[in-house]
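Each chain, letter by letter, is given below.
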Amino acid sequence: LPYLGTFLLLLIGWFGVAPSNDRNWQRDVARLPTAQINGNIVTIRNVRNFEYRSEFDYVERWETRSYDLSKVHGLDLFVVYWGSPSIAHTILSWEFEDGQHLAISIETRKEVGERYSALRGFFRQYELYYVVAEEQDVIGVRTNHRHEDVYLYRLRTPPARARALLLDYLQAVNRLALKPKWYNALTDNCTTTIRLHVRNIVGGVPQDLRWLANGYLDEALYTQGIISREFPFSRLKAMSYVNPKAQAIIKGADFSKLIRVGLPTRPAPPKVN
């Protein structure tokens, strides 16, 4: 009984630990994005657009950007590998008719001197953070400086659904600015949180273990016809590898346009009633 009582007290204390927006944050997550929504026009503050010389050496640029939701043209998925083929980082990016792209990466918000640990990610060690960024920032740092393997897939998502999903994301961004939340490596990570957002828009999402073993999520989406089935999956994946293109881009060029050169066309979206 004494041991049980001690354990319960520790458990109560652990659940009582509250997340915070007031810590000594690393510079790349120091500012919280917020969105002001006025009809179809969305103004987002603290869009990250850093210029990287190396992973930890960069020029900070936090920008205010406006986007017209009526111009959302499509939705893309980045799948990023840094080690095991079973585990990846996933990032959604919205494409607009005028050529703009807006990427949102769901990550941990780390303090100065703190590094990510998959084990600690289960135990209320990191706050949840949405990186709202230019692709040349959030993708370029991975391809060119972290040397992670990045694949880009165009999704078979109707524009109306992509717009609704972006609004759902931005509402979450605003909630986190007011009330922080813990990251959890199982229930609130980069991919399971995407699934929650999608479920908010379309209702039921098929159960699939590849939402957890997310290194195979692209294969699951291929099977479901959400990404192009124009080619065998192995060939499609090879075509979707963007690192060589990203590393060849010179400063000032259109990063988002050039990494899409040679990709299969976006699958025609289903009709939405």
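A. Layout of helix 5 (residues 192-202). Among the residues of helix 5, those classed as buried are T192, T193, I194, R195 and H197. Taken together, the buried residues of helix 5 touch strand 7 (89-96), strand 8 (101-109), strand 9 (127-133) and helix 4 (159-178).

B. Summary view of the pairing of strand 8. Most of strand 8 sits out of view: nine of its nine residues are buried. The pairing of strand 7 with strand 8 spans five bridges and is classified as antiparallel. Along strand 8, the bridge assignment pairs E95 with H101. In this structure, the hairpin formed by strand 7 and strand 8 is closed by a connection of four residues, where G99 is found at a positive phi of approximately 95°.

C. Representation of the pattern of salt bridges within the structure. Taken as a whole and assessed by the stated rule, the structure comprises 18 salt bridges. With a closest N to O distance of 2.8 Å, R27 and E60 form a salt bridge. With a gap of 33 residues between them, R27 in the loop between helix 1 (2-15) and strand 1 (34-38) and E60 in the loop between strand 4 (57-59) and strand 5 (62-68) connect regions that are remote in the sequence.

D. Looking closely at the packing of helix 4 against helix 5. Taken N-terminus to C-terminus, the directions of helix 4 and helix 5 make an angle of 125°; their axes are 9 Å apart at the nearest point. In terms of their interaxial angle, helix 4 and helix 5 are classed as oblique. In terms of crossing hand, the pair formed by helix 4 and helix 5 is right-handed. Contacts between helix 4 and helix 5 involve R161, A164, L165, D168, Y169 and A172 from the former and I194, H197, V198, N200, I201 and V202 from the latter.

E. Here's a closer look at the packing of aromatic side chains. Taken as a whole and judged by the stated rule, the model has 10 aromatic pairs. Seen in terms of ring centroids, Y151 and Y241 are 5.1 Å apart; in terms of plane orientation they differ by 45°. Their pairing is tilted. Of this pair, Y151 sits in strand 10 (residues 149-154) while Y241 sits in the loop between helix 7 (233-239) and helix 8 (243-248), and the two are 90 residues apart along the sequence. Y241 sits in the partly exposed class, given a relative accessible area of 28%. Every member of this aromatic cluster is reached through a ring pair, and the members are F50, Y52, Y58 and W62. If you follow R48 out to its NZ or CZ, it ends over the ring of F50, 5.4 Å from the centre. Positioned over the ring face of Y151 is K237, at 5.1 Å from the centre of the ring.

F. Seen up close, the nonpolar core. In this structure, I44, L92, W94, I104, Y130, L166 and Y169 are the most contacted members of the largest nonpolar core, which totals 44 residues. With eight residues, helix 4 is the largest single contributor of residues to this core. In this structure I44 touches T34, A35, E63, T64, R65, Y67, L102, V132 and L170, once residues within four positions along its chain are discounted. Y58, V80, I249 and I259 belong to the second-largest nonpolar core, a separate cluster that totals 24 residues.

G. Just a nonpolar patch on the surface, in detail. Together, F122, F123, L186, L209 and L212 give the surface a local cluster of nonpolar side chains, amounting to about 500 Å² of exposed area. Mapping F122 onto the fold places it in the loop between strand 8 and strand 9. Classification of F122 as partly exposed rests on a relative accessible area of 37%.

H. Focus on helix 4. Between its first and last C-alpha, helix 4 extends 29 Å over 20 residues, near the 28 Å set by a 1.5 Å rise per residue. Taken together, the buried positions of helix 4 are occupied by A162, L165, L166, D168, Y169, L170, A172, V173 and L176.

I. Geometry of the environment of Y130. Counting through the fold element by element, Y130 comes out in strand 9. Taking the relative accessible area as the measure of exposure, Y130 reaches 5% and is therefore buried. Leaving out residues up to four positions away in the same chain, Y130 has contacts with P33, I104, S105, I106, Y169, A172, V173, L176, T193 and H197. Within the local environment of Y130, its side chain forms a polar contact with the side chain of H197, the two groups lying 2.8 Å apart.

Rules used throughout
Residues numbered from 1 in each chain as written. Predicted model: local features only at pLDDT ≥ 70, side-chain atom pairs only at ≥ 80, totals over all residues. Heavy atoms only, no water. Buried < 20%, exposed > 50% of the residue type's maximum accessible area, 1.4 Å probe, protein only. Helix = DSSP H or I, 4+ residues; strand = E, 2+ residues; numbered from the N terminus. Contact = heavy atoms within 4.5 Å. Pairing = 2+ DSSP bridges. Salt bridge = Lys/Arg side-chain N within 4 Å of Asp/Glu carboxyl O. Axes fitted to C-alpha atoms, helices over the stretch in contact; angles between N-to-C directions. Parallel < 35°, antiparallel > 145°, perpendicular 65-115°, else oblique. Left-handed = near helix turned anticlockwise from the far one by under 90°. Phe/Tyr/Trp six-rings, centres within 6.5 Å; stacked < 30°, edge-to-face > 60°. Lys NZ or Arg CZ within 6 Å of the ring centre and 35° of its normal. Core = buried A, V, L, I, M, F, W, Y, C linked by side-chain atoms within 4.5 Å. Patch = residues over 30% accessible without salt bridge, like charges linked within 9 Å, V, L, I, M, F, W, Y side chains within 5 Å. Areas by Shrake-Rupley, 256 points an atom, 1.4 Å probe, with all protein chains shown as cover. Expected span 1.5 Å × (residues − 1). Polar contact = N/O pair within 3.5 Å; in protein donor to acceptor, adjacent residues only side chain to side chain.

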